[in-house]
Amino acid sequence: MNKIYISNRVFEVKNKNLDLEVAGKCKITIINNKINNLNILVKNASKLIIEDFRIIDKENTNIKISIEDNSYLNYIHSFINNQEYNLNIVTRFFGNNSKIIFDIQGINDNGKATITADGVLGSKIYNELHENIDIVNINGGSGVVNPNIFVDKMPVIAEHAVTVGKINDNEVKYLTSKGMSLVEAKKLILNGFLINKFKSEDLVVRIKELIKTEVKR
Amino acid sequence: MLKIENLSVAINNKKILNDFNLKINSKEIHAIMGPNGIGKSTICKTIIGDSNYEVVSGKINFNSHNLLKLDITKRARLGIFLVNQMPIEIPGVTNAEMLRVALAEKTGENVGLFEFNKKMEEICEKLLIPKSFIHRGINEGMSGGERKKNELLHLWMLEPKFIILDELDSGLDIDSLKVVCKSILEYYKTHDCSILIISHNPELLESLNVSHVHVLKEGKLIASGNLNLAAKLAKEGFKGITKTNNISENKKDE
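The shown structure was predicted, so the numbers you read here are calculated from the model rather than taken from an experiment.

**With respect to the sheet that holds strand β4 (residues 54–62) of chain B**
Residues and elements named next belong to chain B.
- Spatially, four strands are ordered β2-β1-β4-β5 in an open sheet, and the strand pairing comes out antiparallel. Looking at which strands have only one partner, the edges of the open sheet turn out to be β2 (14–24) and β5 (65–66).
- As defined by bridge partners, strand β1 (residues 2–11) adjoins β2 across seven bridges and the pair is classed as antiparallel. Counted as the bridge partner of A10 is K15 from β2.
- Seen against the sheet, helix α1 (residues 40–48) touches β1, β2 and β4 and runs at an angle of roughly 70° to β2.

**Describing the nonpolar core**
- Among the nonpolar cores identified, the biggest contains 118 residues, and M98, I163, I164 and I197 of chain B are the most heavily contacted of them.
- With seven residues, the single largest contributor to this core is helix α2 (residues 182–195) of chain A.
- Sequence-distant contacts of I197 of chain B, that is, excluding residues within four places in its chain, are made with I29, H30, A31, L165, L168, L205, L208 and V210 of chain B.

**Focus: the packing of helix α5 (residues 144–158) of chain B against helix α6 (residues 174–190) of chain B**
Residues and elements named next belong to chain B.
- Two elements in contact, α5 and α6, have axes whose closest approach is 10 Å; the angle formed by their N-to-C orientations is 15°. One way to sum up the angle between α5 and α6 is to call them roughly parallel. Both α5 and α6 take part in a crossing whose hand is left-handed. Contacts between α5 and α6 involve G145, K148, K149, L152, L155 and W156 on the former and, on the latter, S176, V180, S183 and Y187.

**Observations concerning α6 of chain B**
Residues and elements named next belong to chain B.
- For α6, with 17 residues, the first-to-last C-alpha span of 24 Å sits near the 24 Å given by 1.5 Å per residue.
- Considered for burial, the residues of α6 that qualify are S176, V180, C181 and I184. Take α6 and look down its axis: the buried residues cluster within an arc of 130°, on one side only. For α6, exposure combined with an orientation more than 90 degrees from the buried face picks out I174, D175, K178, E186, K189 and T190.
- The inward-facing, buried residues of α6 abut α5 and α7 (202–207).

**A closer look at the interface of chain A and chain B**
- On the chain B side, the residues contacting the 20 residues of chain A number 21 residues.
- For the side of chain A that touches chain B, the secondary-structure elements that each account for two or more residues are α1 (169–176) and α2 of chain A.
- Taken together, the residues of the side of chain A that touches chain B sort by class into eight nonpolar, eight polar and four charged.

**Overview of the sheet that holds strand β3 (residues 29–33) of chain B**
Residue and element names in this part refer to chain B.
- Here we have six strands laid out as an open sheet, ordered β6-β9-β10-β3-β11-β12, and mixed in their pairing. The open sheet has two edge strands, β6 (80–83) and β12 (220–225), and neither has a second partner. Strand-to-strand twist in this sheet, taken as the mean axis angle between neighbours without regard to direction, amounts to 20°.
- Note: strand β9 (residues 162–166) against strand β10 (residues 194–198), five bridges, orientation parallel.

Calculation rules
- Residues numbered from 1 in each chain as written.
- Chains lettered and ligands numbered in written order.
- Predicted model: local features only at pLDDT ≥ 70, side-chain atom pairs only at ≥ 80, totals over all residues.
- Pairing = 2+ DSSP bridges.
- Helix = DSSP H or I, 4+ residues; strand = E, 2+ residues; numbered from the N terminus.
- Contact = placed C-beta atoms within 7 Å.
- Axes fitted to C-alpha atoms, helices over the stretch in contact; angles between N-to-C directions.
- Core = buried A, V, L, I, M, F, W, Y, C linked by C-beta atoms within 7 Å.
- Buried ≥ 20, exposed ≤ 12 C-beta atoms within 10 Å, placed from the backbone.
- Parallel < 35°, antiparallel > 145°, perpendicular 65-115°, else oblique.
- Left-handed = near helix turned anticlockwise from the far one by under 90°.
- Expected span 1.5 Å × (residues − 1).
- Arc of directions from axis to C-beta.
- Nonpolar A, V, L, I, M, F, W, Y, C, P; charged D, E, K, R; others polar.

See the structure below:
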């Protein structure tokens, strides 16, 4: 049974689909579960933070976010992938003066991730969409990112930033110059990359434990 | 302790150091001065084993080890430590994680958590930095001064034998510089170690009681002396120093 945490309360999800309407302030935590179709509506004047960590196991992920007026959403999503993986994100602005930030970090460890990010700002105004996607490829992994942002009317802010690359050499050099082996240095850097954006300390601890037990590098 | 002989180093096929020689004995503090872009940082990076710097010829020996045969990790485990000019951020990797792994790998033993935390806290107090630094991402969101203090936190934990300070004073305010210098001198007095300083600042060299001052020009040392040489440089600039007014190498002025 899949579990998610909504403002620190545990909820069980019976299948792979989850539809949620959020009103008010809320934080959702998703750790390595099999909810593949996530459909969220952020109601007027609401604030939602989603922290979502996954070790990819064949299944693709579809995230659909709709947001009304004067609301805020920060979706933090990290994954480790050794499969053919598709992450599809669709964002729709139904109102004005709202802001959505996607922070997506992925490691392709001999896997291939294709991320498609569709953002529809349409004819609504004073909205902001920020998509920050960072992919690190190791052991022959690869990544493809397809951004599609549709804007009909100004003023809005819509930005899409992507990096796809390998482990930062300067970071490796810094850690090895402190006496750390190359293997351990890379492990620490990759773990740090995955947990870096998450705000909750207890979540970070759980993710580290999960990586330790589930991921062989 | 450290002996560099006839060292020539290139980056992208451009020779930066040319027939460079330097000998630093145990319990000595040396400084290298020179104009910008002359290759001072190249010396630091070459000693620690940065693979971007190609050693064309020459030798570097450290306590009878041929450093050129060792990679960056092995050199660090022998006790070579660089305090970077601008230490980089490594988001998500905490000081505690990095130091515990580095110490465990160096000693081959698990690091006792209680002793480790106690020592970290003591060093934080000494460096006037909050204890929250222990579990903070390496240099993450830190100012220039905080980064330098964070490097010293690593230094005290890893206990190196040969310390390289690359432009120590850059990014440090006057008060922070005093704290950092005091901490380095305390370390120097209580450990069997040597220090190599790269700096433009004669006052910094004085406050660290530097025993030997060298001037780098055209890839090699053209003058050596004591703090009087640094004072002369401060007064006359690098143009005033040529091979002809070389002050006897590694000996103090009368």
